[in-house]
Amino acid sequence: MEKVSTDCIVLGGGVSGLSISRKLGKSFKNIFLIEKNNFIAEESSSRNSEVIHAGIYYDKNSLKSELCLKGKELLYRYLRKKNIQFSQCGKFILSTSKDESHFLEEILNNATECGLNDLSFKSEYLRKLYPFLNFDQAIFSPSSGIFDSHSYLNCLKSDFEQEGGHVLLNNQCMAINYESNSIELLIKDKSNEEEFLIYTKLLINCAGLESLDIYKQLSDEMGDGKSFKKRYVKGDYFIYRGKEKIEHLIYPIPNKESLGIHVTQDLTGTIKFGPNAYPVNNID
Ligand SMILES: Cc1cc2nc3c(=O)[nH]c(=O)nc-3n(C[C@H](O)[C@H](O)[C@H](O)COP(=O)(O)OP(=O)(O)OC[C@H]3O[C@@H](n4cnc5c(N)ncnc54)[C@H](O)[C@@H]3O)c2cc1C
């Protein structure tokens, strides 16, 4: 069986794997991104709302809050630099009854405490703008937006390759072993069903829905794993073809499972409702 040695392996070619590879590609000479599908980002990273989040909901002082605020600025800057289409269209969050409206106060206060100071109540403005909407109060986030995520992902890949990084598509990690300071991955090349071994000292696990399985294999080997439980949640989108037009993102008050079924438009003007969220047992 063929054996290959590397300095670093990034497992998974979604947005996490691609952006980490792009960054590490500047520091490592012999670095590989391994992706099981025939193209990059065919899973969650290309099946989402393509929204640039402003950093409204995360807990104050949490890493998520810090990274969301910082990431938003970096993302807008990168999109401008690379000429990738985006629209900083802004987002409304609506309460549908008086009982719900105090949640808007909480959301606004949380965002302000996190350092996002540009949210404000815009209920009357929204009533005039979209008279067909039925709501009680609304807050507006001017820094939320949408972008062409597919071009963005391709750009990350080409940045990585220009730095000399290697992208192996259609190659799936089948098993992982940890031996004397080195991680051994058994990879199947799905184009010819041949298997080979690849070794690294540094493995970045960005395998999305499979990342927990990868983590478990490695932590069992190394004997220092925490135990996590998998819980899959699935969502669907529905395209709206009615007569009303919107040019902003419209969100409800978030619930436990998700940000709630929201209305987004993509850069072609297509209006979508979604995603709903329901538990499933397996990945389909
Ligand atoms: C319905 C929905 C809507 C969302 N909307 C937004 C939004 O509007 N804005 C936003 O910022 N975020 C949004 N998100 C979140 C965002 O989409 C995800 O956080 C992000 O795409 C996760 O990227 P990832 O690279 O971690 O995982 P993924 O995109 O799932 O990538 C993982 C990759 O690993 C590969 N892989 C898995 N196992 C192996 C293996 N054994 N060997 C080789 N490769 C493997 C997979 O093929 C896949 O390509 C949304 C998420 C969902 C579900």
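Before reading further, recall that the structure is shown in the block above.
Residues numbered from 1 in each chain as written. Predicted model: local features only at pLDDT ≥ 70, side-chain atom pairs only at ≥ 80, totals over all residues. Heavy atoms only, no water.

(A) Representation of helix α2 (residues 63-81) within the structure. Compared with the 27 Å implied by 1.5 Å per residue over 19 residues, the 26 Å span of α2 between its first and last C-alpha is a close match. Taken as a whole, α2 has its buried residues at Ser65, Cys68, Leu69, Lys72, Leu75, Tyr76, Tyr78 and Leu79. Positive phi appears at Asn83, one or two residues downstream of α2, with a value of about 60°. (Helix = DSSP H or I, 4+ residues; strand = E, 2+ residues; numbered from the N terminus. Expected span 1.5 Å × (residues − 1). Buried < 20%, exposed > 50% of the residue type's maximum accessible area, 1.4 Å probe, protein only.)

(B) Up close: the side chain of Thr200. With respect to the secondary-structure elements, Thr200 resides in strand β13 (residues 194-200). Of the polar contacts made by the side chain of Thr200, one reaches the backbone oxygen of Leu202; its length is 2.8 Å. (Polar contact = N/O pair within 3.5 Å; in protein donor to acceptor, adjacent residues only side chain to side chain.)

(C) Geometry of the site of the ligand. Every one of the 27 residues lining the ligand counts as a neighbour, but Ser16, Glu35, Ser45, Asn48 and Val51 are closest to it. Note that an oxygen atom of the ligand is positioned 2.7 Å from one of the side-chain N or O atoms of Ser16. The backbone of Ser44 places a nitrogen or oxygen atom 3.5 Å from an oxygen atom of the ligand. Here the ligand has 1000 Å² of accessible area as a free molecule, and 77% of this is covered by the chains. Of all elements in the fold, only α1 (15-24) and β11 (171-179) reach the threshold of two or more residues within the shell around the ligand. Ranked by the residues each element gives to the shell around the ligand, the list is headed by β11, at three residues. Residues belonging to the shell around the ligand are distributed by class as follows: nine nonpolar, 13 polar and five charged. (Near = heavy atom within 4 Å. Areas by Shrake-Rupley, 256 points an atom, 1.4 Å probe, with all protein chains shown as cover. Nonpolar A, V, L, I, M, F, W, Y, C, P; charged D, E, K, R; others polar.)

(D) Representation of unusual backbone geometry. A cis amide bond links Gly274 with the next residue in sequence, Pro275, at an omega value of -15°. If you check the backbone angles, Glu50 has positive phi at about 55° while not being a glycine. Here Glu50 lies in the loop between β3 (31-34) and β4 (51-52). Residue classification places Glu50 among the buried residues on the basis of a relative accessible area of 17%. For Asn61, which is not glycine, the phi torsion reads 65° and is therefore positive. Relative to the assigned elements, Asn61 resides in the loop between β4 and α2.

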